[in-house]
Amino acid sequence: MNKIIVAFCEGQHDIAFLSKVLFVNGFTAYKKKIKDFVEPLNKQFINKLPNKEIGDKKLGFQSEYMIPSVALHKDQNILVLFHNLNGDGKAEERKKILEMYQNIQSKDDDFTSEFNLNFRFLYFFDADEIGIQKRVDELNRELSLTDKKIVHKEIVDIDSYEWSCYIFHKDQDSGDLEDILLELMRPNNEKIFDNSQSFITANQLDEGRQKEFICNNLEEKYKNRIKFKEKKSIISIAGQLQFSSMNNSVIIAKSDYIKKGDIESNIHCKDIATLFHEDTAQ
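One structure accompanies this document, and this report is about it.

Reading guide: rules and limits
- Residues numbered from 1 in each chain as written.
- Predicted model: local features only at pLDDT ≥ 70, side-chain atom pairs only at ≥ 80, totals over all residues.
- Heavy atoms only, no water.
- Buried < 20%, exposed > 50% of the residue type's maximum accessible area, 1.4 Å probe, protein only.
- Helix = DSSP H or I, 4+ residues; strand = E, 2+ residues; numbered from the N terminus.
- Arc of directions from axis to C-beta.
- Core = buried A, V, L, I, M, F, W, Y, C linked by side-chain atoms within 4.5 Å.
- Contact = heavy atoms within 4.5 Å.
- Pairing = 2+ DSSP bridges.
- Phe/Tyr/Trp six-rings, centres within 6.5 Å; stacked < 30°, edge-to-face > 60°.
- Axes fitted to C-alpha atoms, helices over the stretch in contact; angles between N-to-C directions.
- Salt bridge = Lys/Arg side-chain N within 4 Å of Asp/Glu carboxyl O.

A few words on helix H2 (residues 41–48). Among all positions in H2, only Leu41, Asn42, Gln44 and Phe45 are buried. Each buried residue of H2 lies within a common arc of 165° when the element is viewed along its axis, so the set occupies one face.

The biggest cluster of nonpolar side chains holds 40 residues, and the ones touching the most others in it are Phe17, Val80, Phe82, Phe124, Phe168 and Phe276. When neighbours within four sequence positions are excluded, Phe82 is seen to be in contact with Ala7, Cys9, Ile15, Leu18, Ser19, Leu22, Pro68, Ser69, Val70, Leu72 and Phe276. Counting 37 residues, the second largest nonpolar core, distinct from the first, contains Phe8, Tyr123, Tyr161 and Trp163.

In terms of strand pairing, strand S8 (residues 211–215) meets strand S9 (residues 220–226) through four bridges, oriented antiparallel. Bridged to Lys211 within S9 is Ile226. Linking two consecutive strands that pair antiparallel, namely S8 and S9, is a turn of four residues.

We now examine the packing of aromatic side chains. The description of an aromatic ring pair rests on the distance of the ring centres and on the angle between the ring planes. One pass over the full model with this rule turns up 17 aromatic pairs. Note on Phe45 and Tyr101: the rings are 6.3 Å apart at their centroids and 85° apart in plane angle, and the pair reads as edge-to-face. Highlighted residues: Phe45 in helix H2 and Tyr101 in helix H3 (residues 91–106), separated in sequence by 56 residues. Taking 6.2 Å as the distance between ring centres and 85° as the angle between the ring planes, the aromatic pair formed by Tyr161 and Trp163 counts as edge-to-face. Both residues of the pair, Tyr161 and Trp163, belong to the buried class. Ring-pair connections join several aromatic residues into one group, and the members of that group are Phe8, Tyr30, Phe37, Phe45, Tyr101, Phe119, Phe121, Tyr123, Tyr161 and Trp163.

So, on to the sheet that holds strand S3 (residues 70–74). Strand pairing in a sheet relies on backbone hydrogen bonds, with the paired strands running either antiparallel or parallel. Judged by pairing direction, the sheet is mixed, and its seven strands sit side by side in the order S2-S3-S4-S1-S5-S7-S6 without closing on themselves. The open sheet has two edge strands, strand S2 (28–29) and strand S6 (156–158), and neither has a second partner. Of the strands in this sheet, strand S5 (118–126) and strand S7 (161–168) touch helix H5 (residues 132–142), which is tilted by about 145° from S7.

As a further point, take the pattern of salt bridges. Under the counting rule described, the total for this entry stands at 17 salt bridges. Where Glu178 meets Lys232, a salt bridge forms, and the shortest distance between an N and an O atom there is 3.1 Å. With Glu178 in helix H6 (residues 177–185) and Lys232 in helix H8 (residues 230–240), this residue pair connects regions lying 54 residues apart in the sequence. Of the residues examined, Glu178 reaches a relative accessible area of 5% and is grouped as buried. Across the salt bridge formed by Glu219 and Lys221, the nearest N and O atoms sit 3.9 Å from each other. With a relative accessible area of 40%, Lys221 lands in the partly exposed category. Here the salt bridges do not stand alone but share partners, grouping Asp88, Asp128, Arg135 and Glu138 into one network.

Next comes the structure, spelled out in structure tokens:
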């Protein structure tokens, strides 16, 4: 297995969706323990773990972002490693992950050269309100690419690596993953999703109550940041009809609101699947 595809993702919802797309395209879960991963990745990941002392962590800490949260493979030729960055504003973390893999390939010794690993780096972001091209421009600036640059949904060769990105969008200027999910989920389930929307409309809270609430013996107050996202809530409400108390990652991964035929016919899903083909670089 010498094609290693590293996917940088904003969060677990992205990973759940991308995994579902890849399962339909012949990928399966890579269930090996870290110590049994393809060499030399196994040793690289193991070496990263001792650097994070458990004693320095607080209870409820997030998993180590340097270690993939999900791995898939296909035909013993392609290994996909998903890294969960927990947000889009994590340039420094993305840089550290990238350097970790580049350092593996750049080592000029007998141990690393014998594996002949070929890396492809894929970045996934929401267009949000800034649009596809501005998001791609931000990424190229982050990577200090000036001559040959990363392009949305096209794989390019730069400095012995393959690169691409996919910007989740509704149109060229805006959108996010949830726009794609609702495009896939609504057909044949219109009544459910219309009712989910109606419930939100009928019970809309003012913005002051759409924030985290602190309640203790000293104070009661709201934090500053609004946490309500209408499209996420629509998906969550519809999903509770199948999976009570489950979060959107589980709903995306396991709900029958998205079926094989939906993925095979959706343009977003087809474009994304192409990025994980073995030989598609330009």
